[in-house]
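# Geometric and topological summary
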2 protein chains.
Amino acid sequence: MDLNERKLKILHTIIADFISTGEPVGSRTLSKKYELGISPATIRNEMSDLEEMGFLTHTHTSAGRMPSDKAYRLYVNNFMQKYELPNEEKKEISDKLTGNFVELDETIRHAASLLSEITNLTSFAITPKQDEDILSYIRLIPLDNNSVVLMIVAKSGRVMNNVLKLEVPYTEEKLNILSKALTYDYKGKTICEALEGDIIKNFNTDIIAMQFLAKDIMPNFVRTLERMLDVNLYMDGLTNIFALPEYNDIYKAKSFLEMLNNKDELTKILVNREHGVIITIGDENSADIVPDCSLITATYHVDGKLLGKIGVIGPTRMKYGEVTSVIEYMSENLNDMFKLIGGSKKDD
Amino acid sequence: MDLNERKLKILHTIIADFISTGEPVGSRTLSKKYELGISPATIRNEMSDLEEMGFLTHTHTSAGRMPSDKAYRLYVNNFMQKYELPNEEKKEISDKLTGNFVELDETIRHAASLLSEITNLTSFAITPKQDEDILSYIRLIPLDNNSVVLMIVAKSGRVMNNVLKLEVPYTEEKLNILSKALTYDYKGKTICEALEGDIIKNFNTDIIAMQFLAKDIMPNFVRTLERMLDVNLYMDGLTNIFALPEYNDIYKAKSFLEMLNNKDELTKILVNREHGVIITIGDENSADIVPDCSLITATYHVDGKLLGKIGVIGPTRMKYGEVTSVIEYMSENLNDMFKLIGGSKKDD
DNA sequence: TGTTAGCACTCTACCCAAGTGAGTGCTAAC
DNA sequence: GTTAGCACTCACTTGGGTAGAGTGCTAACA
């Protein structure tokens, strides 16, 4: 069967109507509501064909039709119109994002919150995966008799601390020497590179007295580096789904929220997603995502390199055009902002 | 009217039954289910009295009775039995809490998660309010041409960093002098004390060349100190309410989750709560808490001084005895754990 | 041959009425 | 003071009836 012009037009209209109302679309309503120039009977015939082709579904005989995942995919690929954000909305986004920037994490959380507010969907954002982040500074700073702060600074500007209890006595001088040795060894390496091989074994100092100290510190160093690789997941607008009729079913609402509760799984899904603006619809998603949901994500860069992601999750019936544009615009804004941090301006 | 022995016994039985079933309790059921030695008619008379006294309520004439907030208060104050946790549960809590301790925040989050798992309620925990935390160390560390890490270490072991962009040129030596001057001025003060007065104006260096640098840095210093006063709120078990029949109503579930979404308000409520194990029932709570909910919180200490809180929120119909015991035991465990951190063992 | 009007049929949603069951409140007897 | 008995109340369930939106098929039309 051929997906001719008229079928496409009908399908497009059905999808658009269903996205805005959430109600199954019938042939009569369609012909009355839109100027298609054909009668309900003809629409019915075409609908029947479209159903056979897998673009429409049916809950029961006498109900209207709803778009399938396949239909949404067609819609996104072929019909979706790039939606130009109104200037005031653009301004609002820029303003609210740049407003009171303090720390990367805070900005990301803020962005997620803003995104859910604008789209009325559930938003999330993950902080950049730091595996490509370059170590620039390692320092051990005495705190009191038996504890020391291990500070690791990366080129992106992220600083990681760890308060260590040491068994072995130390002096400030010794710590300085060790700091310099560590910095010398690891400066310029990415965190991943630094973690390659057996760090603890490979790190040697010539001075015997310091070997014990190093032995005490190195496992903590490794652990802290590993923790730098963690990404944080922020979410907002969890309760937005209650405004959607499809989530009036308490069981569905519960499943949705429980899915979002599993942050580890969700983080994994987001990290593994491809770069750029990505839309995945219904069954295209991993099995851990509740049915009839779509995800839209975009990538942002820190320092032109590290990749974080920001996006939304909602019912397959979502305003793909608008939402995608907002997310895209937001990720561009984040890119611009994060060009400036990391201790290195653009010429670095 | 007198709240005599028999009335108390009946009330107690009604409360216990309602807590476990969630269904309004009728006189006939009560007399059949429990060995009270009196007939349904007598129970009815007593129930009627108890209702008049404000301990029971009624949704409609032919429904059974439910305890009022006042009844729960009586129950908690007079009937609630200290529930001795079984040893295996105690062991589970201790094990899971001490397991892989890395950072205070992580432990707190973990505790909240464990608490919701055990109680099947929504749990939360706030990190300690740091206003009594004592500054022990301030340091400015050069990062590259135009940025510097400001590091503030407190006695509790909390370390705060901030990457600063400086307008004014600097040398490592100058930063060291400034670090020492700052440490000299603020070491031993609590964060609150440090923030008193106009820090920026009051901080002076003799060396003129450094005044510009100080001017550049001090506002950031203040901001970072202020951020150290923030408390973090962690929650878990948000979806646990879906297992409770009273939250089958989508509107109630929504209100509950929206309340929890307002983290700022919730944090304020928790911070302002009294110390020790506190139970607040229904209307005793602030207006920002959804109706028919009870909160149980306990305090934990870090370094014997800083106060954090951990607790649960759930329907007024909750197992007060068991839940209170679990929270109490957990807070004791946290106390024990946090005695050891902070760079100062108990004799400090 | 494609399009359309007409019609029978289907299924959900809603309303209404009757019946059921758990519970109350009152009264009179013990 | 306690209890049995009884009338009454109210939510909940069940079943029938109806309206409304929709489909699928067929026959007529352009």
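Computed from a predicted model, the values in this text were never measured in an experiment.

## Notes on the relation of the copies chain B and chain A
At an RMSD of 0.1 Å, chain B and chain A line up after a rotation of 180° and a shift of 0.2 Å along the axis. Both chain copies can therefore be described as sitting about a two-fold axis. Rotation axis and chain B: the residue whose C-alpha lies nearest the axis is B:Ile250, separated from it by 3.0 Å. A shared interface surface links the copies, since 98% of the contact residues of chain B are contact residues in chain A too.

## Examining the sheet that holds strand β6 (residues 159–165) of chain A
Residue and element names in this part refer to chain A. Across the sheet, three strands lie side by side as β4-β5-β6; this open sheet has antiparallel pairing. Taken across any chain shown, the strands that pair with only one partner, and hence form the sheet edges, are β4 (135–144) and β6. Averaged over all neighbouring strand pairs, the angle between strand axes comes to 20°, with direction disregarded. Two elements, strand β5 (residues 147–154) and β6, share seven bridges in a ladder whose sense is antiparallel. Along β6, the bridge assignment pairs Val153 with Val159. Here helix α7 (residues 172–186) sits on the sheet in contact with β4 and β5, set at roughly 165° to β4.

## Focus: the side chain of A:Thr127
Residue and element names in this part refer to chain A. One can find Thr127 in strand β3 (residues 122–129). A relative accessible area of 0% means that Thr127 is categorised as buried. Reaching out from Thr127, the side chain makes a polar contact with the backbone nitrogen of Asn232 at a distance of 2.7 Å. Not counting residues up to four positions away in its chain, the partners in contact with Thr127 are Leu104, Asp105, Ile108, Arg158, Val231, Asn232, Tyr234, Tyr300, Leu307 and Gly308.

## Looking at the interface of chain B and chain A
The interface is formed by 41 residues belonging to chain B together with 40 residues belonging to chain A. Here chain B meets chain A over a buried area of about 3200 Å², counting both sides, of which 59% is carbon and sulfur. Viewed at the interface, chain A and chain B are joined by one salt bridge. Elements with a minimum of two residues in the side of chain B that touches chain A: β4 (135–144), β5 (147–154), β6 (159–165) and α11 (250–261) of chain B.

## Let's talk about the protein's contact with DNA strand C
Taken together, 21 residues form the shell around DNA strand C, and within it A:Arg6, A:Thr42, A:Ser62, B:Ser27 and B:Thr29 come nearest. If you look at DNA strand C and keep only atoms within 4 Å of the protein, 72% of those are sugar or phosphate atoms. Here a phosphate oxygen of DNA strand C and a side-chain polar atom of A:Thr61 are 3.4 Å apart. Only α3 (40–52) of chain A together with α2 (27–33) and α3 (40–52) of chain B provide two or more residues apiece to the surface near DNA strand C. Top element by residues in the surface near DNA strand C is α3(A). It accounts for four residues. Counted by class, the surface near DNA strand C contains four nonpolar, 13 polar and four charged residues.

## Observations concerning the confidence of the model for chain A
All names here are of chain A. Taken as a whole, chain A shows an average pLDDT of 89; of its residues, 94% reach a score of 70 or greater. When pLDDT is averaged over each element of chain A, strand β8 (residues 278–281) comes out on top at 98 and helix α9 (residues 199–202) at the bottom at 71. Note that pLDDT drops below 50 for residues 342–348; the model gives that stretch 16 contacts with residues more than four away or on any other chain.

Rules of the game
Residues numbered from 1 in each chain as written. Chains lettered and ligands numbered in written order. Predicted model: local features only at pLDDT ≥ 70, side-chain atom pairs only at ≥ 80, totals over all residues. Heavy atoms only, no water. Least-squares fit on C-alpha atoms with pLDDT ≥ 70 in both. Contact = heavy atoms within 4.5 Å. Pairing = 2+ DSSP bridges. Helix = DSSP H or I, 4+ residues; strand = E, 2+ residues; numbered from the N terminus. Axes fitted to C-alpha atoms, helices over the stretch in contact; angles between N-to-C directions. Buried < 20%, exposed > 50% of the residue type's maximum accessible area, 1.4 Å probe, protein only. Polar contact = N/O pair within 3.5 Å; in protein donor to acceptor, adjacent residues only side chain to side chain. Buried area = accessible area lost by both parts, 1.4 Å probe. Salt bridge = Lys/Arg side-chain N within 4 Å of Asp/Glu carboxyl O. Near = heavy atom within 4 Å. Nonpolar A, V, L, I, M, F, W, Y, C, P; charged D, E, K, R; others polar. pLDDT = per-residue confidence, 0-100.

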